[in-house]
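Structure assessment
Take a look at the letters that make up each chain.
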Amino acid sequence: MRNILYRLKRRNFISFVSFWIIVLLYLLAIFADFIAPYPFNKQFRDYPLCPPTKIHFFDKDKKFYLRPFVYEYKLVNPALNKYEVLTEKICPVYFFVKGERRKIFGLFYSDRYLFGTKEGKIFIFGTDIHGRDIFSRILYGARISLSIGIIGVSISFFLGFLIGGISGYFGGKVDNIIMRIVEIFMMFPSFYLMLSLRAAFPINLSSFQVYLLIVVILSLIGWAGLARIIRGMVLSIKEEEYVLASKALGIPTFKIIFKHIIPNTFSYSITAITLSIPGYILGESTLSLLGLGIQEPYPSWGNMLSVCIGNLRILSTAPWMLIPGFFIFLTIISFNFLGDGLRDVLDPKNW
Amino acid sequence: MEEILKLENIYVGNEELKILRNINFSVKRNEIVSIVGESGCGKSMTLRTIIKLLPKNLKILNGDIIFEGIRIKDLKEKEMNKIRGEKIGMIFQEPSSYLNPLFTIGNQIEEAVRGNFKREKRKEKVIKILKEMELSPNVYYQYPHQLSGGMQQRAMIAMALINNPSLLLADEPTTALDVTTAFGIINLLKNLVSEHNLSILFVTHDISLANYISDRIIVMYAGIIVENGKAKEIYENPLHPYTRKLIECLPEKYKKGERIKTIEGEVPSFKNLPPGCPFFQRCDFKMKICEERIPGEINFENRILRCFKYGNTLES
């Protein structure tokens, strides 16, 4: 692992950076309970569409404070969401500040957060139309958006390895039947398949059910192409001499497939995994954006963006509503760079 | 001595090709038998017929394979898997490509161990056999690419012998190695016969190597056995014209500066075999009958021959 990272750093620095960005994003998602200053569903009715709070070190008299501080905002024109900054009062930002009691990891309660203010509010990415803190919602949304990629990819890779491996190894009739089924899955445009699969289920499911449903739908779409590639690789690897040697040792067929053949596809499939995670993240975002995915008040990066659809007023007065889109972009481009770099590094011909 | 392996009237091929035709031979306990012939004579196919790992398009058409009293030709794949590795081991030509590059030697040999043993017991077993192969126990933790060709072949032999099989099929195990390493491997195999109560069926191009290692030599040509007899007798007094030519080509028979003879022509391809004796075109003693009929097996001077020069039996 360290060796791979070292080679990644030397060979492809962008993908090395991307790796750490991905690690950072996942850490933010895991520790969202602790980092987010507010709960994801906490509505500040006095602060709809409040712009990002600026963090200051100098007050209006140019006096320097070592501890950063924020000013309070006041809604002056509710129709146009105009805010006034109250520069009289300084609200210092504290680390490990005491706040509302909240459950951490669903295990224990805590009332300390990474940062926050005692007076005033701190919305570093602004708020949405209901006055919910976008930064906190992004962290909680990351839990859904980022985990869907990992879980979806593991399900579809499991299916892909199993089905592709069997198909390639046995060949003949089995192969023919499986590949025709795969083609049926690949025949449909994946977007419409996704929509119609979602439409086949009731709309008013609980948020956890919707989450599971999306994962299953996405992996059902994703496994087919993968199974085909794995099948192709197995077809060539099964002719390798060490497979014949393990047959001559009397090793059972399934052990040969999963111990000797599948691991030899890893140099390709690790790359394929990193390159296909963005597809799942985007798939979830698309469904949520269309209102078919994760339902309010639970945040996901997709449904946070959905408010902006067809609402030019919001886009022009509150561009910070698009920040979740930036996070989608950042995650996907990082995964793509990482996959690209891994392809270079894991290919033994490049060592 | 009892026969542990017996092939009777084996025909291998499909509708179009016949790769092996009427193969009859047997291997006794603690005996080393060599199969000699040019490339494309069906030597490796004979081994793969015995272990029943023929390429998909080839089948055993006829005949019987009897191994330790069991007719393995009719065994199901599952039962065959019990014999492979446990009763019959196999080693191959190019050890580097027959070892999985992703796993350590220890891991791969351990995988071949049969029976329920605890982890430490398995490891002990593997290290014991590695020592027997004159490898350091360190090899257990090494990957195939970290070993030299000779060490890889020793590891392969260790893998094939971990369950104490009674028959070892060796498919040109020394062809890819240099001469001194090959010599080490050959001597190792020779010693294993008595230590492990083992019989070896050894395939090689090199008839002098076959003479060195084996008790009996089988000479194959284009899918038939042309001569089968005691190694020493065949080497010193070859009867079949093909065996004679093979021995004539050995470099050690020549003085310095002399030109080494070769056998003119090449092995006929299996797609258009001549109707008569397959060696007909290259033979110095060809007769009219050779062109039309395949010679049958005859017993001549304590060996089995297929040549009209020594008798007029026809292949049925």
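Note that the coordinates shown come from a computational prediction; the quantities given were computed from them, not determined experimentally.

Rules and cut-offs
Residues numbered from 1 in each chain as written. Chains lettered and ligands numbered in written order. Predicted model: local features only at pLDDT ≥ 70, side-chain atom pairs only at ≥ 80, totals over all residues. Helix = DSSP H or I, 4+ residues; strand = E, 2+ residues; numbered from the N terminus. Buried ≥ 20, exposed ≤ 12 C-beta atoms within 10 Å, placed from the backbone. Contact = placed C-beta atoms within 7 Å. Rg over C-alpha atoms; globule rule 2.2 N^0.38 Å. Domains from an automatic or database assignment. Pairing = 2+ DSSP bridges. Expected span 1.5 Å × (residues − 1). Nonpolar A, V, L, I, M, F, W, Y, C, P; charged D, E, K, R; others polar. Axes fitted to C-alpha atoms, helices over the stretch in contact; angles between N-to-C directions. Parallel < 35°, antiparallel > 145°, perpendicular 65-115°, else oblique. Left-handed = near helix turned anticlockwise from the far one by under 90°. Core = buried A, V, L, I, M, F, W, Y, C linked by C-beta atoms within 7 Å.

Moving on, we get to the overall build of chain A. Secondary structure summary: chain A contains 13 helices and 4 strands in total. Once the C-alpha set of chain A is aligned to its principal axes, its extents read approximately 85 × 45 × 40 Å. For chain A, with 351 residues in total, the buried portion stands at 38%. Partitioning the intrachain contacts of chain A with sequence separation of at least 6 by distance along the chain shows that 67% fall at a separation of at least 24.

Here we come to the overall build of chain B. A tally of regular secondary structure across chain B gives 11 helices and 12 strands. Its C-alpha atoms give chain B a radius of gyration of 20 Å, near enough to 20 Å, the size a compact globule of 316 residues would have. Taking the principal axes of the C-alpha coordinates as reference, chain B spans close to 65 × 55 × 35 Å. By residue count, 40% of the 316 residues in chain B fall in the buried class. A separation of at least 24 residues holds for 63% of the contacts in chain B among residues at least 6 apart in sequence.

Right, let's talk about the domain arrangement of chain A for a bit. Residues and elements named next belong to chain A. If you check the domain split of chain A, you get domain 1 (36-131) and domain 2 (137-350). The C-alpha-based centres of domain 1 and domain 2 are spaced at 38 Å. Taken residue by residue, the interface counts 11 residues in domain 1 and 12 residues in domain 2.

All names here are of chain B. Of the strand pairs in this sheet, strand E1 (residues 3-13) and strand E2 (residues 18-28) are connected by 7 bridges, and their pairing is antiparallel. Looking across to E2, one finds that Ile-10 is bridged to Ile-23. Between E1 and E2, which pair antiparallel one after the other, the connecting turn spans 4 residues. Note: E1 against strand E4 (residues 59-67), 7 bridges, orientation antiparallel. Bridge pairing links Lys-6 to Ile-66 in E4.

Take helix H13 (residues 323-346) of chain A next. Along its 24 residues, H13 of chain A runs 34 Å from first to last C-alpha, staying within 8% of the 34 Å computed at 1.5 Å per residue. Listing the buried residues of H13 of chain A in full gives Pro-324, Phe-327, Ile-328, Thr-331, Ser-334, Phe-335, Phe-337, Leu-338, Gly-339, Gly-341, Leu-342 and Val-345 of chain A.

Our focus in this paragraph is the interface of chain A and chain B. If you look at the interface, chain A gives 13 residues, while chain B gives 18 residues. A per-element tally of the side of chain A that touches chain B places helix H8 (residues 241-248) of chain A first, with 6 residues. For the side of chain A that touches chain B, the residue count by class is 8 nonpolar, 3 polar and 2 charged.

So, about the packing of helix H2 (residues 13-30) of chain A against helix H4 (residues 134-170) of chain A. Residues and elements named next belong to chain A. Interhelical geometry of H2 versus H4 gives an angle of 115° and a closest axis separation of 7 Å. Overall, the two elements H2 and H4 adopt an arrangement that is roughly perpendicular. Crossing handedness for the pair H2 and H4: left-handed. Two secondary-structure elements touch here, H2 through Leu-25, Tyr-26, Leu-28 and Ala-29 and H4 through Leu-139, Ala-142, Arg-143 and Leu-146. Residues of the contact of H2 with H4, tallied by class, amount to 7 nonpolar, no polar and 1 charged.

Glancing now at the nonpolar core. Membership of the largest hydrophobic core comes to 158 residues, with the highest contact counts inside it found for Leu-169 and Leu-201 of chain B. A domain-level breakdown of this core finds at least three residues from each of domain 1 (36-131) and domain 2 (137-350) of chain A. Apart from residues no more than four positions distant in its own chain, Leu-169 of chain B is found in contact with Leu-47, Ile-50, Ile-51, Ile-88, Met-90 and Leu-201 of chain B.

Looking now at the sheet that holds strand E9 (residues 216-221) of chain B. All names here are of chain B. Read across the sheet, 8 strands follow the order E6-E7-E8-E3-E9-E10-E12-E11 without closing on themselves; strand pairing throughout is mixed. The two strands at the open ends of the sheet, each matched to only one other strand, are strand E6 (88-91) and strand E11 (298-300). Strand after strand, the sheet turns through a mean of 20° between neighbouring axes, direction not considered. Bridge count for strand E7 (residues 167-171) against strand E8 (residues 199-204) is 5 bridges, and the pairing is parallel. Its bridge partner lying in E8, Leu-167 is registered against Ser-199. Strands E6 and E7 of the sheet are contacted by helix H6 (residues 149-161), whose axis makes an angle of about 165° with E6.

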